[in-house]
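Listed below, chain by chain, are the residues.
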Amino acid sequence: MDLTYSGEDNAYRQHVRAWFEEHTPRQPLTTMAERKAWQKTMYQAGYVGMAWPKEFGGWEATPMQQAIVGEEMARVNAPPAVNGLGLNIVGPTLIHHGTVEQKQRYIQNILTADEIWCQLFSEPGSGSDLASLRTRADIRDGHFVVNGQKVWTSLGYAADWGVLLARTDANVPKYNGISYILLDMHSPGVEVRPLKQITGSAEFCEVFFTDVRAPRENLIGQLNQGWQIAQTTLSYERGGSLLGRVVRAQVLFAQLVKTVKRMEEQGVLADHDPLVRQKLGRICVDMEVLRYNGLRILSRHQKGNRPGPESSIDKLYRSEFDQRFQALAQEILGPYGQLSDGLPPEFVDDGDDQRRVETWAFRFLASKAGTIAAGTSEVQRNIIGERVLGLPKEPRADRVKK
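Owing to the predicted nature of the structure, the values given are computational and were not obtained by experimental measurement. (Residues numbered from 1 in each chain as written. Predicted model: local features only at pLDDT ≥ 70, side-chain atom pairs only at ≥ 80, totals over all residues. Heavy atoms only, no water.)

Peer 1: So what exactly am I meant to see when it comes to the pattern of salt bridges here?
Peer 2: One side chain can pair with another of opposite charge once the charged atoms of both are near each other. Throughout the structure, instances matching the rule amount to 15 salt bridges. Two residues, E72 and R75, come together in a salt bridge whose shortest N-O distance is 3.3 Å. With E72 and R75 both in helix α3 (residues 63–75), this residue pair falls three residues apart, about one helical turn. Of the residues examined, E72 reaches a relative accessible area of 1% and is grouped as buried. Measuring nitrogen to oxygen at the nearest pair gives 3.2 Å for the salt bridge that ties D286 to R282. You can see D286 and its partner R282 sitting in helix α8 (residues 274–302), four residues apart, about one turn around the helix. When its relative accessible area of 45% is taken as the criterion, R282 is described as partly exposed. Three or more residues are tied together by salt bridges with common partners; here these are R13, R17, E71, E72 and R75. (Salt bridge = Lys/Arg side-chain N within 4 Å of Asp/Glu carboxyl O. Helix = DSSP H or I, 4+ residues; strand = E, 2+ residues; numbered from the N terminus. Buried < 20%, exposed > 50% of the residue type's maximum accessible area, 1.4 Å probe, protein only.)

Peer 1: Would you mind showing me how to read the nonpolar core here?
Peer 2: Soluble globular proteins tend to pack their nonpolar side chains together in the buried interior. By size, the foremost hydrophobic cluster in this structure holds 49 residues, and its most contacted members are F20 and M42. Element by element, the count of residues in this core is highest for helix α4 (residues 84–97), at six residues. Setting aside its immediate chain neighbours within four residues, M42 contacts W19, F20, Y47, V48, M73, P79, P80 and A81. (Core = buried A, V, L, I, M, F, W, Y, C linked by side-chain atoms within 4.5 Å. Contact = heavy atoms within 4.5 Å.)

Peer 1: Before we go on, may I ask you to explain the side chain of E123 in this structure?
Peer 2: Following the sequence through the fold, E123 ends up in the loop between β1 (117–120) and β2 (136–140). For E123, a relative accessible area of 6% translates into the label buried. Of note is the side chain of E123, whose polar atom sits 2.8 Å from the side chain of T135. Contacts of E123, omitting those with residues within four sequence positions, involve L133, R134, T135, Q149, K150 and V151. (Polar contact = N/O pair within 3.5 Å; in protein donor to acceptor, adjacent residues only side chain to side chain.)

Peer 1: Got a minute to help me understand the packing of aromatic side chains in this structure?
Peer 2: Here a ring pair, both rings aromatic, is described through the centre-centre distance and the interplanar angle of the planes. In total, this model carries 15 aromatic pairs according to the counting rule given. Here the aromatic rings of W19 and F20 are separated by 4.9 Å at their centres, their planes lie at 80 degrees, and the arrangement is edge-to-face. Using a relative accessible area of 13% as the deciding quantity, one classes W19 as buried. Linked through ring pairs, W19, F20, W38 and Y47 together constitute an aromatic cluster. Positioned above the aromatic ring of Y292, the side-chain terminus of R291 is 4.6 Å from the ring centre. Lying over the aromatic face of W360, R363 brings its terminal NZ or CZ to 4.5 Å of the ring centre. (Phe/Tyr/Trp six-rings, centres within 6.5 Å; stacked < 30°, edge-to-face > 60°. Lys NZ or Arg CZ within 6 Å of the ring centre and 35° of its normal.)

Peer 1: Help me out: how do you make sense of helix α9 (residues 311–333) in this one?
Peer 2: Working note: α-helix, 3.6 residues per turn, so residues spaced by three or four point in the same direction. Under the 1.5 Å per step criterion, the end-to-end length of α9 is 33 Å for 23 residues, consistent within 8% with the ideal 33 Å. Following α9 by one or two positions, G334 adopts a phi angle in the positive range, close to 60 degrees. (Expected span 1.5 Å × (residues − 1).)

Peer 1: Which parts of the structure should I look at to understand the environment of G49?
Peer 2: By secondary structure assignment, the location of G49 is in the loop between α2 (32–45) and α3. In this structure the C-alpha to C-alpha distance between G49 and Q108, which are 59 residues apart in sequence, comes to 9.5 Å. Non-local contacts of G49, meaning those with residues more than four positions away in its chain, are made with G58, W59 and L111.

Peer 1: Would you mind showing me how to read the environment of V260 here?
Peer 2: Positionally, V260 belongs in helix α7 (residues 242–265). For the pair V260 and L333, spaced 73 residues apart in sequence, the C-alpha separation works out to 8.2 Å.

Rendered as structure tokens:
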């Protein structure tokens, strides 16, 4: 693709930049009501559901316009939309596989954050091997009756609805007996328990189902075809908004470089430490790799193609890059990296962005989940080997003939 921005692209960027500089909240959004209001404000301005069809409330923006918005949000550290799972995975899945009635019922409320969504996929013992899930959905009197447990459910405590993978036929191969069901999280028999994480936050939850009823019309696609539909969901989850992530990394990198200079001035770090500069250079190279991979994915979208297995390359590289970056920051900052406000006062000037509430310590701890969420690094390597490179599967030891 052409790696230069057109005059129209640059004009659009200036418009977007001006809007976010004017409207981005100056204080952290601490309540769910505030976060919902912010998403509605962005939606009304045309910056939520940008690629979705206009008939369902979207804006039919080009992939380039979406990338520009992601970059400009990152540049000013604008809060993301609160209904991230609904927007990034549920909505696109409904658009591809939902009935007209399902699209009309759910999509508009996803865009406006009137209904928050979660993803009910992973289970204890069924994370990387998701197809081994054991939560059941038995059909009784025109309803699915759900029993089982899910875990690592982001925003489960605040969700109104969830997309559920459940086993609807135990007598067929595991990939063939799974269905994709929309579940009302306020239904009787749903119990949500937040999980405290090493970051101190608790956005992940475990969810228990005891005879939870969901109408048969909440089925997405055909019965027992949920695994195929889930691949659409996972491809969007793994693709992400890569160029926006790159800009956020660039902003953090600039802050880290500024901190290194202040530490040298204060005599905490040796002047012109070559090892530190070598490691900073590696991070700089990594960010360029991420940026060009993002442009490759953008090119695919510009041609009208849906995310493919190549999104696993992005997911693998960015999650492991983030861990390297955050580990380097801790190495440079030393004990200061563990302070609640991130840096000692003498290293912070009045020009620093006061809206930033995440510390280096928080980001370091949070990065540990990156190589697990949305499919482990090992799973991503398998997908890349088999579906991108066309390598043969390694035979299981118990199937090898002797």
